[in-house]
Amino acid sequence: MTKPRFQILVCDGPSCGVCHGSEELVELIEQEAEGSEALRGRVDVVNLTCFGRCDEGPNMLVRELKEGEDGSVEPDFEVLLGTRGLYLGMDEERVRRMLKEHVEGGAAIEEWVEDY
């Protein structure tokens, strides 16, 4: 059985990108995904202009990709509305837990996650 693929959209707006250092988290996600047999080939990381929650950044949204969907492309916002996978105030420790539980394990971290 094929394991699901995920797209992780990371805010790179002025607050998250410059003030909150989301670029370093993108690098961390890419390294963790490439270094893990369980995640390799299952995670696409894409920058998103802004989630509109600047004071709570860095922010990211995790969503499962549909069969054949290109995870390297930023989706239209309509696709994201209502998605349960918005994580606010992410740091290295939280990113590692999100990758382990949400992406690898398939279960959102309920005490952190919100609908977009």
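As shown above, the structure is provided for reference.
Draft legend 1. Local environment of the sheet that holds strand 1 (residues 6-11). Taken in spatial order, the five strands make up an open sheet running 2-1-3-4-5, and their pairing is mixed. In this open sheet, the two edge strands, each paired with only one partner strand, are strand 2 (43-48) and strand 5 (114-115). Here two bridges tie strand 3 (residues 60-64) to strand 4 (residues 84-87), and the two strands are oriented antiparallel to one another. Residue pairing in the sheet places Met 60 in a bridge with Tyr 87 of strand 4. Each of strand 1, strand 2 and strand 3 is contacted by helix 2 (residues 22-35), which is oriented at about 170 degrees to strand 2, the strand it contacts most.

Draft legend 2. Fine view of the pairing of strand 3. Taking burial as the measure, the five residues of strand 3 include four buried ones, the bulk of the element. When strand 1 meets strand 3, the two strands line up antiparallel, connected through five bridges. Looking across to strand 3, one finds that Phe 6 is bridged to Glu 64.

Draft legend 3. Region of the structure containing the packing of aromatic side chains. Counted under the stated rule, the structure contains two aromatic pairs. Grouping aromatic residues by their ring pairs yields a cluster made of Phe 51, Phe 77 and Tyr 116. For Arg 94, the ring lying beneath its charged end belongs to Trp 112, and the centroid distance is 3.9 Å.

Draft legend 4. The arrangement of helix 4 (residues 92-104) in detail. At Met 98, helix 4 is deflected by roughly 30 degrees, the largest bend along its length. Summarising the contacts, the buried residues of helix 4 are in contact with strand 1, helix 2, strand 2, strand 3 and strand 4. With a side-chain oxygen positioned 3.2 Å from the backbone nitrogen of Glu 93, the residue opening helix 4 is Asp 91. Of the residues one or two after helix 4, Gly 106 is the one with positive phi, at around 80 degrees.

Draft legend 5. Seen up close, the pattern of salt bridges. Taken as a whole and judged by the stated rule, the model has 12 salt bridges. One salt bridge connects Arg 63 with Glu 69, and the closest N-O pair in it is separated by 2.4 Å. The exposure class of Glu 69 is partly exposed, given its relative accessible area of 22%. Linked by salt bridges that have partners in common, Glu 32, Glu 92 and Arg 96 make up one network.

Reading the values: the criteria
Residues numbered from 1 in each chain as written. Predicted model: local features only at pLDDT ≥ 70, side-chain atom pairs only at ≥ 80, totals over all residues. Heavy atoms only, no water. Pairing = 2+ DSSP bridges. Helix = DSSP H or I, 4+ residues; strand = E, 2+ residues; numbered from the N terminus. Contact = heavy atoms within 4.5 Å. Axes fitted to C-alpha atoms, helices over the stretch in contact; angles between N-to-C directions. Buried < 20%, exposed > 50% of the residue type's maximum accessible area, 1.4 Å probe, protein only. Phe/Tyr/Trp six-rings, centres within 6.5 Å; stacked < 30°, edge-to-face > 60°. Lys NZ or Arg CZ within 6 Å of the ring centre and 35° of its normal. Bend = angle between axes of the 7 residues up to and from the residue. Polar contact = N/O pair within 3.5 Å; in protein donor to acceptor, adjacent residues only side chain to side chain. Salt bridge = Lys/Arg side-chain N within 4 Å of Asp/Glu carboxyl O.

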